[in-house]
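Okay, here's what each chain looks like letter by letter:
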Amino acid sequence: MQISGNYQYSPESIKPRKAPSTHGEPSLMQDTVTTGGEQAPPRHLSRELLAQIQNKGLASAGKLTASQEAYLKKMSDLAAAEGGLTKTGALFGIGGVLFPDSSGRIKHLALQFGNMEFDRPLPEKTAKGLLGVYKTLFANMHPETRFTVVTADEKGEKTLRQAAAESGMVNPGRVNIVNAHSQKGFSIWIRDSMIPVANPDGTTTLLMQDRTYWPGPEDAKITPLFAQGNSNLTAVPHPSLRIDGGNMLSNEEFIFVGQDSVVHTTDRLKELFVLPRWKDEIIRFYENRTGKDVVLEGVPEKPGQVTLAEMWRTIAPEVFESEFERQVYVICQDDPSTPLKEEQPVFHIDMAVTPVGNRKFLVGDPGMAIRTFQALTEEEKAKANNEMAKEAGFSPGTDLIGKLIEVNGSDAHQANFDNVARELKEKGYEVERIPCMIGLRTTWSLPYLTYNNSIQENYTDESGKQVKKVYLPTYGCEPLEKIALDTYTRNGYEVVPLKMAAVSILEGAIRCSSYPVERTDIPGPS
């Protein structure tokens with residue numbers, strides 16, 4: 001499979017891919033960065049990546065496993081059969097209900113303790129910081145919550161067992177450590193390799209979606225390992241989805257998907273469309289879902305007919321809704337009433353947007369962070385700089401605040417965040433702003449100060465008490481941390497801080513590096 005990991009990289013159908021440019025951020029292909037000195041980008045960003053199409057209908061960045069081969073043959077046979085795969089109105093019918101972010105108790109949390117970041121070893125400071133986060137989760141989550149952690153080797157296995165023992169958690173046996181015996185290593189970014197969905201029988205399917213590239217050399221092999229030894233979990237490749245878990249959010253009522261994933265999944269469907277068996281299925285699916293007839297050649301002549309171009313423009317949300325059994329809102333779309341072309345404010349929307357309950361969102365605001373920094377005295381600024389540098393593993397005196405303001409200070413960058421807030425307000429949601437500062441991509445030179453990239457629990461415990469917790473990343477930046485903690489507390493949350501500066505320099509935080517695979521209070525299909 002071609003995979004897109006925690007770092008976003010947009011394919012353009014089957015054309016050579018170009019590195020995207022984000023307002024206020026350098027191109028992914030930029031060789032020289034403005035912080036951290038001159039540094040070559042990771043090897044995978046130094047070459048063009050071309051979309052691969054195989055007759056099996058699933059692209060691959062490496063050799064398929066026997067189970068993947070068998071699955072692909074089964075899917076191909078089904079697609080060729082009379083009636084195809086769209087009898088139920090779903091393109092593949094192998095999805096389920098997407099877990100909500102803002103409700104229920106996490107019963108089982110999956111973690112990925114990798115040792116590589118693309119083609120570089122994971123920094124020791126990052127590994128140490130991640131272990132600290134794990135300890136906090138082990139000790140503070142419900143005493144019946146289970147954890148499955150896949151690690152690369154014996155060293156990681158030993159380190160994790162020690163972390164569980166030192167955490168003070170009730171019953172360390174709740175931590176299941178799976179040694180992948182990895183040869184080339186894998187990343188820490190579990191969120192984007194799979195999408196867990198709930199089935200009617202209470203089990204969970206881990207959908208292994210197609211991606212633009214893997215964030216670690218052997219990330220493609222990791223998802224099935226979570227299912228081993230967990231009878232409640234099944235890992236299944238999904239041929240048509242090209243959607244990173246970090247680019248999806250959910251409350252109990254709706255799913256919210258970033259615009260980039262609409263483009264990526266449409267590109268994936270176009271790749272499958274080249275194959276006759278998939279072409280017929282995709283058209284049949286779209287016509288069944290919409291009640292419209294697709295005209296492949298010429299122009300529509302009757303009511304209810306649409307062109308192929310119109311099908312491509314609107315098909316991806318239909319696929320999302322059919323596979324995840326909930327209504328989908330696409331956000332981060334361009335506002336035609338402004339002179340700017342608005343884009344996603346960051347590569348994944350969970351870095352900048354957080355549902356809190358069913359009627360409210362917290363949306364990141366770089367301007368709020370910049371104004372807060374500018375109001376500091378020189379002494380206060382120096383203190384915040386040094387504390388952030390210490391937690392991120394940089395030398396004292398590093399001007400992190402100055403560089404963060406430089407990266408996040410453009411009007412176009414701010415407009416992308418404001419546009420998301422506008423979209424959600426227009427859909428009837430209450431929106432509250434929270435500080436958010438994006439770092440420089442692929443440079444490992446700045447922490448991403450995101451207080452949106454959190455995980456939540458909201459449930460009634462055995463005694464009848466309402467428990468509402470947020471596991472919130474912090475970065476040693478007291479001026480912004482105070483605002484973030486006050487914001488969540490004001491919204492009724494008990495805040496469990498997670499020190500993640502040394503993790504977020506790799507462009508993610510706790511939501512990116514964890515995934516609930518079992519949860520209470522799953523809503524039914526909409």
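The model shown is predicted, which means the values in this text are computed figures rather than measured ones.

A. Representation of the overall build of the chain in the model. Per the secondary structure count, the chain includes 13 helices and 22 strands. With 526 residues in all, the chain has 61% of them scored as buried. Sequence-distant contacts, at least 24 apart, represent 78% of the contacts inside the chain between residues at least 6 apart.

B. Representation of the packing of aromatic side chains within the structure. Tallied over the entire structure, the rule returns 12 aromatic pairs. Taken together, a centroid distance of 4.8 Å and an interplanar angle of 75° make the contact between Phe-256 and Phe-361 edge-to-face. Here Phe-361 lies in strand β16 (residues 360–365) and Phe-256 lies in strand β11 (residues 254–258), a separation of 105 residues in the sequence. Each member of the pair, Phe-256 together with Phe-361, is buried. Residues Tyr-488 and Tyr-493 carry aromatic rings whose centres are separated by 5.7 Å and whose planes lie at 80° to one another, so their mutual orientation is edge-to-face. Each of the two residues, Tyr-488 as well as Tyr-493, counts as buried. The ring of Tyr-515 has Arg-191 sitting right over it, with the charged end atom 3.8 Å from the ring centre. Between Lys-468 and the ring centre of Tyr-493, over which it is positioned, the NZ or CZ distance is 4.6 Å.

C. Broad picture of the pattern of salt bridges. Applying the stated criterion across every chain yields a total of 21 salt bridges. For Glu-507, the salt bridge goes to Arg-441, with nearest N and O atoms at 2.8 Å. Within this pair, whereas Glu-507 is found in the loop between α13 (501–504) and β22 (514–519), its partner Arg-441 is found in the loop between β17 (430–437) and β18 (449–450), the two being separated by 66 residues in sequence. Grouping residues by exposure puts Glu-507 and Arg-441 together as buried. Shared partners join several salt bridges into a network, and the residues in it are Lys-360, Glu-430, Glu-432 and Arg-490.

D. Structural detail: the environment of Cys-477. Here Cys-477 lies in the loop between β20 (466–474) and α12 (478–490). Contacts of Cys-477, omitting those with residues within four sequence positions, involve Phe-373, Met-388, Leu-449 and Tyr-451.

E. Seen up close, the pairing of β22. Among the 6 residues that make up β22, 6 are buried, leaving the element largely enclosed by the rest of the structure. Summarising the sheet, strand β2 (residues 106–113) and β22 pair through 5 bridges and their orientation is antiparallel. Each bridged residue has a counterpart across the sheet, and for Ile-106 the counterpart in β22 is Arg-519.

F. Structural context of the side chain of Asp-219. Note on placement: Asp-219 falls in the loop between β8 (204–209) and α4 (223–227). The buried category is assigned to Asp-219, whose relative accessible area is 1%. Reaching out from Asp-219, the side chain makes a polar contact with the side chain of Ser-187 at a distance of 2.7 Å. For Asp-219, the residues in contact, after removing those within four places along its chain, are Gln-112, Phe-186, Ser-187, Trp-189, Ser-193 and Trp-214.

G. Geometry of the sheet that holds strand β15 (residues 353–355). What the 4 strands build is an open sheet, ordered β15-β16-β17-β18; its pairing is mixed. Unpaired on one side and paired on the other, β15 and β18 mark the two borders of the sheet. In the sheet, β17 pairs with β18 via 2 bridges, with the strands oriented antiparallel. Across the sheet, Met-437 pairs through a bridge with Leu-449, a residue of β18.

H. Expanded view of empty space enclosed by the protein. Applying the stated criterion across every chain yields a total of 5 cavities of 30 Å³ or more. Estimated volume of the largest cavity: approximately 140 Å³. If you trace the largest cavity, you find 17 residues lining it, with Phe-99, Asp-101, Arg-191, Arg-511 and Tyr-515 closest to the centre. Contributing elements (two or more residues each) for the lining of the largest cavity: β10 (248–250), β19 (455–460) and β22. In the lining of the largest cavity, the residues fall into 10 nonpolar, 3 polar and 4 charged.

I. Here's a closer look at a negative patch on the surface. A surface patch of like charges, here negative, comprises Glu-378, Glu-379, Glu-380 and Glu-478. In this fold, Glu-379 is placed in helix α9 (residues 378–392).

J. Region of the structure containing helix α8 (residues 366–374). The buried fraction of α8 amounts to 7 of the 9 residues, a majority that puts the element mostly inside the structure. The distance from a side-chain oxygen at the start of α8 to the backbone nitrogen of Gly-367 is 3.0 Å, and the residue carrying that oxygen is Asp-365.

K. Structural detail: the side chain of Thr-450. Take Thr-450: it is sitting in strand β18. A polar contact of 3.2 Å, which involves the side chain of Thr-450, links it to the backbone nitrogen of Asn-452. Setting aside residues up to four positions removed in sequence, Thr-450 forms contacts with Asp-350, Met-351, Cys-436, Pro-473, Tyr-475 and Ala-509.

L. Focus on the packing of helix α5 (residues 259–273) against helix α7 (residues 308–324). Packing of α5 against α7 leaves a shortest axis separation of 9 Å and a crossing angle of 115°. The orientation of α5 relative to α7 falls into the category roughly perpendicular. Note on packing geometry: the crossing formed by α5 with α7 is right-handed. On α7, the residues that touch Ser-261, Val-262, Thr-265, Thr-266, Leu-269, Lys-270 and Phe-273 of α5 are Leu-308, Met-311, Trp-312, Ile-315, Ala-316, Pro-317, Val-319 and Phe-320.

M. Examining the nonpolar core more closely. Counting 89 residues, the largest nonpolar core has Tyr-134, Leu-137, Phe-147, Phe-256, Leu-424, Leu-449 and Tyr-488 as the members making the most contacts within it. Counting residues per element, this core draws most heavily on helix α2 (residues 124–140), at 7 residues. Sequence-distant contacts of Tyr-134, defined by excluding residues within four places in its chain, comprise Leu-111, Gln-112, Phe-113, Val-149 and Leu-160. Formed by 49 residues, the second largest nonpolar core is a distinct cluster that contains Met-194, Leu-225, Phe-226 and Leu-272.

N. The arrangement of the confidence of the model for the chain in detail. When pLDDT is averaged along the chain, the result is 84; 83% of the residues meet or exceed 70. Across residues 1–65, confidence stays below pLDDT 50; counting only partners more than four residues off in sequence or on other chains, it has 196 contacts. Across residues 78–88 the pLDDT falls below 50, and counting only partners more than four positions away or on other chains, this stretch makes 23 contacts in the model.

What counts and what doesn't
- Residues numbered from 1 in each chain as written.
- Predicted model: local features only at pLDDT ≥ 70, side-chain atom pairs only at ≥ 80, totals over all residues.
- Heavy atoms only, no water.
- Helix = DSSP H or I, 4+ residues; strand = E, 2+ residues; numbered from the N terminus.
- Buried < 20%, exposed > 50% of the residue type's maximum accessible area, 1.4 Å probe, protein only.
- Contact = heavy atoms within 4.5 Å.
- Phe/Tyr/Trp six-rings, centres within 6.5 Å; stacked < 30°, edge-to-face > 60°.
- Lys NZ or Arg CZ within 6 Å of the ring centre and 35° of its normal.
- Salt bridge = Lys/Arg side-chain N within 4 Å of Asp/Glu carboxyl O.
- Pairing = 2+ DSSP bridges.
- Polar contact = N/O pair within 3.5 Å; in protein donor to acceptor, adjacent residues only side chain to side chain.
- 1 Å grid on protein atoms, 1.4 Å probe; cavity = no way out; pocket = protein on both sides within 12 Å on 5 of 7 lines; lining within 4 Å.
- Points joined across faces, edges and corners; volume = space filled by probe spheres on them.
- Nonpolar A, V, L, I, M, F, W, Y, C, P; charged D, E, K, R; others polar.
- Patch = residues over 30% accessible without salt bridge, like charges linked within 9 Å, V, L, I, M, F, W, Y side chains within 5 Å.
- Areas by Shrake-Rupley, 256 points an atom, 1.4 Å probe, with all protein chains shown as cover.
- Lys, Arg positive; Asp, Glu negative; His and termini not counted.
- Charge placed at Lys NZ, Arg CZ, Asp CG, Glu CD.
- Axes fitted to C-alpha atoms, helices over the stretch in contact; angles between N-to-C directions.
- Parallel < 35°, antiparallel > 145°, perpendicular 65-115°, else oblique.
- Left-handed = near helix turned anticlockwise from the far one by under 90°.
- Core = buried A, V, L, I, M, F, W, Y, C linked by side-chain atoms within 4.5 Å.
- pLDDT = per-residue confidence, 0-100.

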